[in-house]
Amino acid sequence: MKALKVKMKSDKNLRSNLITFGMVIGVYIIMQVLLAAGVVSSLVRGLLVPLCTYAILAVSLNLTVGILGELSLGHAGFMCIGAFTSAFFSKCMQEAIPIAALRFTIAILIGALCAGLMGLLIGIPVLRLKGDYLAIVTLAFGEIAKNVINMLYIGVDEAGLHFSTKSSLELNLSENGTVIIQGAQGITGTPNDSSFTVGIVLLLITLFVILNLIHSRDGRAIMAIRDNTIAAESIGIPITKYKLMAFSVSAAFAGMAGVLYAHNLSTLSATPKNFGYNMSIMILVFVVLGGIGNIRGSVIAAVVLTLLPELLRGLNDYRMLIYAVVLIAMMLFNWAPACIQWREKMVYRLKSRKKLTKEAE
Amino acid sequence: MSFLQYLISGLSLGSVYALIALGYTMVYGIAKMLNFAHGDVIMIGAFTTYTICSALGLPPAAGVLAAVVLCTLLGVCIEKVAYKPLRKAASPLAVLITAIGVSYLLQNVALLIFGTNTKAFTSVVSVNAVRLADGQLTITGETIVTIVSCIVIMAGLMIFIRKTKAGQAMLAVSEDKGAAQLMGINVNGTIALTFAIGSALAAVAGVLLCSAYPSLNPYTGSMPGIKAFVAAVFGGIGSIPGAFIGGILLGIIEIFAKAYISSQMADAIVFAILIVILLIKPTGILGRNIQEKV
């Protein structure tokens, strides 16, 4: 009997996961048909890869915010690290590895690995903190990452790599040398390897890993830590291990999204707009609107909130304003005790009305 | 001489941080929440003064007064609309995310009204600069006014908290909300008062900040806001002298980092300090240790 119950529960999870995957694949097929039919405007076509990037970012942030229950405001920082390390690799290896698919696969692995490692490094000291402190430290980390990349100059010639923090002239390159990272100007000429198909595949991988993590033993341990840290510790769950696991996995996938982002642009530079605080907030808005802890919701919210302001051009000025209002309204509606009470009352009334009409029949 | 000059600009910037940090620390002590929107209240205060003084041509005193009044009202409104309903929410993240939303809202409202262009803020200070040591050392009027007003405000605040009933009520609420309510203290009123005082200080800080660094745009407040939070943590969050010491130290560190290490890396250094403090002494210089209860 007990085994049956467990099986039923895992079936339910499986069905929920399959709906999520099916949704993504369905959208992909529809988009491919529409693309083949040539009815998609260039505006939407240009949005396809960013959509996948944002969806991956939202899903990975949801692991930290929704499942681990800690607020990270430095998600764009991890994305930035993934983007720059992978773009650096691709630029260096453009001649050495001519096969684009192989090079891009390695680039993705490098980007995800570097961001994940950074997550681990940052996580070890920082995850001792919680709540407000963690939020502000992750925010600080994101700003530091952006600042450091903005002043970094790296060039390559026969003698190997050259580093500088001042200018590209101080690299002392030989005549054949090329500058790869040019401080605030960033990296130019990254191979354009990202495509909608790659984006969807990466999104599916992200969903697969994160959904399976959530429904595994480890995932339940992470959620136990979220719900009551002290109780979780008292039944022998290693807090640090699981916190680090969730945080670094989340960072790694943010890095992967960064790889996708970097290889979709020819010029990559760390501006406040793409890797700054605002980007982290935007991802947070996706997570909050989609439902904290709801992975499928994050994907839907990322897609809707990216497409809506682009399609309604007139709204573009008010885009950020709408995000802000959405954030406040969703939090009040979902979490304010008075609001929860009111919602329960409404649901109860609707139910009793249904009952009455049934009885009348 | 240049060392002394940097020290003085550090003190000036630090005084502004201290004023902002006072608001953070008071709100954190009472409402146990990080008011992310505090930095943007600074920006609103500076824009109010800018509108009144530069656009309408009224005297600076009127501008400062209007900024203080508007920011006080704004602070109380934000508390009533956005934070109060979530005070008993099950998740501690709820109020934090709402605060981020409010910060974002204020920035974007300012963006729609004033546009992205940076405005040149006319200083409201009319004190003459003091030259020392044969003109090698200059102390600007803004610096003098900033440091003096910071000290006066902090002293006033400490007297207010020690000597008045409302101040004592604040201490009681930050100690234990439930017990304070049983003693007949109006908890909601006290929290609203704290937000009002914090926001009024933010308005003053905004005007002083923009007088010393006369460029004003909708994002002006966010960085100093975050740095002032670092200052509050540095000094020990919840402690008023702590906020003062933390603010001054942070200002000096930032100016020295800009002068002697790298101007680009100054922000990164300030944030690195935050991480180091939180690892070594999470309660800050003057903070008290709080034990977690089951």
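## Re the interface of chain B and chain A
Here is step 1 of the chain: The interface of chain B with chain A comprises 36 residues on the first partner and 36 residues on the second.
Here is step 2 of the chain: Broken down by secondary-structure element, the contributors of at least two residues to the side of chain B that touches chain A are helix H4 (92-114), helix H9 (222-235) and helix H11 (266-280) of chain B.
Here is step 3 of the chain: The element best represented in the side of chain B that touches chain A is H4(B), accounting for 14 residues.
Here is step 4 of the chain: Among the residues making up the side of chain B that touches chain A, the classes are represented as 29 nonpolar, five polar and two charged.

## Notes on the nonpolar core
Within soluble globular proteins, side chains that are nonpolar generally end up buried alongside one another.
All names here are of chain A.
Here is step 1 of the chain: Within the largest apolar cluster, 209 residues are counted, with the highest numbers of intra-cluster contacts made by Ala-55, Ala-58, Phe-286 and Leu-327.
Here is step 2 of the chain: Taken domain by domain, the makeup of this core includes at least three residues from each of domain 1 (44-311) and domain 2 (321-361).
Here is step 3 of the chain: Setting aside chain neighbours within four positions, we find Phe-286 in contact with Tyr-54, Ala-58, Ser-298, Ala-301, Ala-302 and Leu-305.

## A few points about the sheet that holds strand E3 (residues 178-182) of chain A
Residue and element names in this part refer to chain A.
Here is step 1 of the chain: Strand order in the open sheet formed by three strands is E2-E1-E3, with antiparallel pairing between adjacent strands. The open sheet is flanked by strand E2 (160-164) and E3, the only strands paired with a single partner. Averaged over all adjacent pairs, the angle separating strand axes in this sheet is 20°, with direction ignored.
Here is step 2 of the chain: When strand E1 (residues 153-157) meets E2, the two strands line up antiparallel, connected through five bridges. Bridging from a neighbouring strand, Tyr-153 pairs with Ser-164 of E2.

## Observations regarding the domain arrangement of chain A
Residue and element names in this part refer to chain A.
Here is step 1 of the chain: The domain architecture assigned to chain A consists of domain 1 (44-311) and domain 2 (321-361).
Here is step 2 of the chain: Tallying the contact residues gives four residues for domain 1 and five residues for domain 2.
Here is step 3 of the chain: Partitioning the side of domain 1 that touches domain 2 into residue classes produces four nonpolar, no polar and no charged.

## Some points on the environment of Val230(B)
Residues and elements named next belong to chain B.
Here is step 1 of the chain: Mapping Val-230 onto the fold places it in helix H9.
Here is step 2 of the chain: Judged by the 27 C-beta atoms lying within 10 Å of it, Val-230 is buried.
Here is step 3 of the chain: Sequence separation of Val-230 and Tyr-24 is 206 residues, and the distance between their C-alpha atoms is 10.0 Å.

## Some points on unusual backbone geometry
It is generally the case that most residues other than glycine have a negative phi and that most peptide bonds are trans.
Here is step 1 of the chain: In the Ramachandran plot, Lys32(B) falls in the positive-phi region, its phi being about 55° despite a non-glycine side chain.
Here is step 2 of the chain: Structurally, the position occupied by Lys32(B) is in the loop between helix H1 (2-31) and helix H2 (38-55).

## A word on the packing of H2(B) against H4(B)
All names here are of chain B.
Here is step 1 of the chain: The contact between H2 and H4 brings their axes to 8 Å, and the two run at 25°. Classed by the angle they form, the pair H2 and H4 counts as roughly parallel. The handedness of the crossing between H2 and H4 is left-handed. Across from Gly-39, Asp-40, Met-43, Ile-44 and Phe-47 in H2, the residues of H4 making contact are Ser-103, Leu-106, Gln-107, Ala-110 and Phe-114.
Here is step 2 of the chain: Classifying every residue of the contact of H2 with H4 by side-chain character gives six nonpolar, three polar and one charged.

Quick notes on the rules
- Along each chain, numbering runs from 1 in the same order as the chain's sequence is written.
- Lettering of chains starts at A and numbering of ligands starts at 1, both following the order in which they are written.
- Note on the predicted model: pLDDT of at least 70 is required for a residue's local features to be given, and 80 or more for side-chain atom pairs to be given and counted; whole-chain, interface and lining totals, by contrast, use all residues.
- Note that contacts rest on C-beta atoms placed from the backbone: two residues are in contact if these are within 7 Å.
- Helix and strand definitions here come from DSSP, where helices need a minimum of 4 consecutive H or I residues and strands a minimum of 2 consecutive E residues; each element is numbered from the N-terminal end.
- As a working rule, the residues Ala, Val, Leu, Ile, Met, Phe, Trp, Tyr, Cys and Pro are called nonpolar, Asp, Glu, Lys and Arg charged, and the rest polar, with Gly in that last group.
- Only buried Ala, Val, Leu, Ile, Met, Phe, Trp, Tyr and Cys residues enter a nonpolar core, and they are joined through C-beta atoms within 7 Å.
- To sort residues by exposure, count the other C-beta atoms lying within 10 Å of each residue's C-beta; 20 or more gives buried, 12 or fewer gives exposed, and values between give partly exposed, all with C-beta atoms placed from the backbone.
- These domain boundaries are the output of an automatic or database domain assignment.
- Two strands qualify as a pair provided DSSP detects at least 2 bridges between them.
- All axes are obtained by fitting lines to C-alpha atoms, using only the stretch in contact for helices, and the reported angles, taken between N-to-C directions, cover 0 to 180 degrees.
- Each angle is binned into one of four classes, with values under 35 degrees roughly parallel, values over 145 roughly antiparallel, values of 65 to 115 roughly perpendicular, and all other values oblique.
- Crossing chirality is assigned from the near helix's rotation relative to the far helix, an anticlockwise turn below a right angle marking it left-handed and a clockwise turn marking it right-handed.

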